[in-house]
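Examining the three-dimensional arrangement
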Amino acid sequence: MQTNKNKKWGEDVFPLLSWFKIDKVKNAKVLVVGAGALGNEVLKNLALFGVGNIVVVDFDQIEFSNLTRSILFRPEDADKGFYKAEIAAKRLLEINPTINVKAICGDLSTAVGLGVYRRMDVVVGCLDSLKARTLLNRMCFRAGKIWIEGGIGDLEGQVTAYQLGKNCYECRVAEEEVADDTGNSHENRTSCPQIAQGNAERGRVATTPVSASIIGAIQAQEVMKIIHSEEVEAGIFDTLIGIMFNYQGKNSQAGTFEFSYYNNDCISHEFWGNIVEIPTLSADTKIGDAIQIIKETLKVEQVDINLRNDKFVDFLSSRTDNKKFVAMMPESKIPNFIDASQEMVYLSISDGGLYQHSYENIDEEFPYLDMTFRQIGIPYLDVLQVTTENGYAYVELTADIKHFENLFEA
């Protein structure tokens, strides 16, 4: 008799679906950004489907309030202040021990390298921040990947998908802001950005387990469609690229409508092609050494590394007395750095803001060449945009693939 240990996950169930390709799902790679209420539902469904390789990203710790709508978290997780991403990954393996899961506890700008995105089949956004959504949109476009956005609030929610050349989140937000200013709000439909903004103004994210379950299920369903790309091309499936699924629980209504925004002048429409993989280059490499390695690999004389996601800040200073505060961190961490010091908070208010000394580009004149990329905020397996005498080039910190264990072997 065949034991459970020798069986493939779902082999008695999913092959009954005419479209389901069990090996394709087992080899699939999905990045889920956000492990809150919505992320919990998406992750749970992906594990049940048997998606073989999942990366989950979140920088938050579990709070007691999360337990009302997050199936993967327990009271003891909140008591101990565990990180959402780590506990979500642990619980996924309890649900389905046959899959590979990687947790990244951090934010998009300093914790997730573009090399991770480019190895994914699809990306799922479960976020409540406009800034995070915009950055996710840019990263996915640079990597040439489809991303599926979900938004929830109270008894409502929406899902749509974005793909370079077809539909853009940043174009959508820009047009909605124009519409708000002119009074024409697209038939008064509530969008994901509007939900997030409204929740932020109230200081909370008002969601229910029902809306999270429904929207998370639709997002997971879209993941399965994109994994089965041949079925999409054959017309068996229609995706939500340029289409919005809208759920209104108060009125028991759900439906889809065209929701495509694309301005050819948008700065988010940037695909980083022809990436050069450098197997000796890591985020733990000292910057001075890295510049030499890149020069030798590209056979160029000049290399300027462009910090496209996050500037590097070495110090802040008071505008009145020039008192200096050493920072040595990515710009994204500066607000928390200031908040942690009563003196800086006072000076920031009284001086109208502290002066920030930062770097957007790094070359051989950079005064901290002995620092590593990680120390200035560049994550493992990132892709660097560099300027050479021959123009732009894109190089990957490929040595960092070791930090992702078995995820990228399939």
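Residues numbered from 1 in each chain as written. Predicted model: local features only at pLDDT ≥ 70, side-chain atom pairs only at ≥ 80, totals over all residues. Heavy atoms only, no water.

1. Notes on the state of the cysteines
To be explicit about the condition: Cysteine sulfur atoms that pair up within 2.5 Å are treated as a disulfide.
Applying the stated criterion across every chain yields a total of 0 disulfides. The thiol of Cys266 is not disulfide-bonded; the next cysteine sulfur, from Cys171, is found 3.7 Å away.

2. Observations regarding the packing of aromatic side chains
The relative placement of two aromatic rings is captured by the distance of their centres and the angle of their planes. As a reminder of what qualifies: Only centres within 6.5 Å qualify two rings of Phe, Tyr or Trp (six-membered ring in Trp) as a pair; their planes then separate them into stacked at under 30 degrees, edge-to-face at over 60, and tilted for everything else. For the purposes of this entry, the term helix denotes a DSSP run of H or I that reaches at least four residues, the term strand denotes a run of E that reaches at least two, and both are numbered from the N terminus. Each residue gets one of three labels from its accessible area relative to the maximum for its type: buried under 20%, exposed over 50%, partly exposed in between, using a 1.4 Å probe on protein chains only. Criterion for a charge above a ring: Lys NZ or Arg CZ within 6 Å of the ring centre, and within 35 degrees of the ring normal.
For the structure shown, the criterion picks out 16 aromatic pairs. For the pair Phe312 and Phe366, a centre-to-centre distance of 5.9 Å together with 70° between the ring planes defines the contact as edge-to-face. In this pair, Phe312 is assigned in strand S11 (residues 312–317) and Phe366 in the loop between strand S14 (361–362) and strand S15 (383–388), connecting sequence segments 54 residues apart. There is no split in this pair, since Phe312 and Phe366 are both buried. Taking 5.4 Å as the distance between ring centres and 75° as the angle between the ring planes, the aromatic pair formed by Phe366 and Tyr368 counts as edge-to-face. Relative accessible area serves as the criterion here: at 4%, Phe366 is assigned to the buried category. Residue placement shows Arg119 over the ring face of Phe408; its charged tip is 5.7 Å from the ring centre.

3. Quick look at the environment of Val173
For Val173, the position within the fold is in helix H8 (residues 169–182). Along the sequence, Val173 and Tyr162 sit 11 residues apart, while their C-alpha atoms lie 13 Å from each other.

4. Considering the side chain of Asp314
Spelled out, the test is: The charge count treats Lys and Arg as positive and Asp and Glu as negative. His and the chain ends do not count. For this analysis, a salt bridge means a side-chain nitrogen from Lys or Arg found within 4 Å of a carboxyl oxygen belonging to Asp or Glu. Here a polar contact means two N or O atoms within 3.5 Å. Within protein one must be a hydrogen donor candidate and the other an acceptor candidate, and residues neighboring in sequence count only if both atoms are side-chain atoms. Should any heavy atoms of two residues lie within 4.5 Å, those residues are counted as being in contact.
The residue Asp314 is located in strand S11 in this model. The side chain of Asp314 sits in the buried core without any salt bridge; Lys324 is the nearest counter-charge, 7.2 Å away. In terms of polar contacts, Asp314 uses its side chain to reach the side chain of His357, at 2.8 Å. Once residues within four sequence positions are removed from consideration, Asp314 is found in contact with Phe325, Val326, Ala327, Met328, His357, Tyr359 and Tyr368.

5. Quick look at the environment of Val55
The residue Val55 is located in strand S2 (residues 53–57) in this model. You can call Val55 buried: its relative accessible area is 1%. Residues contacting Val55, with those up to four places away along its chain left out, are Val30, Leu31, Val32, Lys102, Ile104, Met120 and Leu407.

6. So, the layout of surface pockets
This is how the line gets drawn: Method remark: on a 1 Å grid restricted to protein atoms, a set of points is classed as a cavity if a 1.4 Å probe fits but cannot get out and as a pocket if it is open with protein on both sides within 12 Å along at least five of seven lines; lining residues have an atom within 4 Å of a point. Grid points are joined across faces, edges and corners, and a volume is the space filled by probe spheres set on the points. Polar here means any residue outside two lists: the nonpolar Ala, Val, Leu, Ile, Met, Phe, Trp, Tyr, Cys and Pro, and the charged Asp, Glu, Lys and Arg; Gly therefore counts as polar.
Volume-wise, the second largest pocket comes out at about 210 Å³. Taken together, 14 residues form the lining of the second largest pocket, with Lys102, Ile104, Ala111, Arg374 and Tyr380 sitting closest to its centre. Listing elements by their share of the lining of the second largest pocket, those giving two or more residues are strand S3 (100–104) and helix H5 (108–111). For the lining of the second largest pocket, the element with the most residues is S3, which contributes 3 residues. Looking at the lining of the second largest pocket residue by residue, the classes come out as 9 nonpolar, 3 polar and 2 charged.

7. Here we look at empty space enclosed by the protein
As enumerated under the stated definition, the model contains 2 cavities of 30 Å³ or more in all. When its volume is computed, the largest cavity comes out at roughly 160 Å³. For the largest cavity, the lining is made up of 19 residues, of which Leu307, Arg308, Asn309, Ile378 and Asp382 are closest to its centre. If you list the elements that add at least two residues to the lining of the largest cavity, you get helix H7 (130–143), strand S10 (304–306) and S15. In terms of residue count, the dominant contributor to the lining of the largest cavity is S15 (3 residues). The residue makeup of the lining of the largest cavity, split by class, is 10 nonpolar, 5 polar and 4 charged.

8. Here we look at the nonpolar core
Worth spelling out the cut-off: To define a nonpolar core, start from buried Ala, Val, Leu, Ile, Met, Phe, Trp, Tyr and Cys residues and group those joined through side-chain atoms within 4.5 Å.
Ranked by size, the top nonpolar core spans 65 residues in total, and within it Tyr117, Ile305 and Phe373 carry the most contacts. Top element by residues in this core is H7. It accounts for 7 residues. If we skip the residues at most four places from it in the chain, Ile305 touches Ile291, Ile294, Glu360, Asn361, Ile362, Phe373, Leu384, Gln385 and Val386. Listed in part, the 49 residues of the second largest apolar core include Val30, Val42, Ala161 and Ile226.

9. Quick word on the pairing of strand S1 (residues 29–33)
Test applied: Between any two strands, pairing holds if DSSP finds at least two bridges. Handedness of a crossover is defined as follows: orient the strands so they point away from the viewer, and if the path from the first strand over the helix to the second runs clockwise, the crossover is right-handed.
Burial analysis of S1 places 5 of its 5 residues in the buried class, the great majority of the element. Going residue by residue along S1, you find Lys29, Leu31 and Val33 tucked away on one face and Val30 and Val32 tucked away on the opposite face as well. Inspection of the sheet shows S1 paired to S2 by 5 bridges, in the parallel sense. Paired with Val33 across the bridge in S2 is Val57. Remark: the S1/helix H2 (residues 37–49)/S2 crossover connection has right-handed handedness. In this structure, S1 lies alongside strand S4 (residues 122–125), joined through 4 bridges in parallel fashion. Bridge pairing in S4 places Val30 opposite Val122.

10. A few points about the confidence of the model for the protein
As a reminder, the rule being used: Residue-level confidence of the predictor is summarised by pLDDT, bounded by 0 at the bottom and 100 at the top.
Of the residues in the protein, 90% reach a pLDDT of 70 or more, and the chain-wide mean stands at 90. Long-range and interchain partners of residues 182–203, a stretch whose pLDDT sits below 50, account for 40 contacts in this model, where long-range means more than four residues apart.

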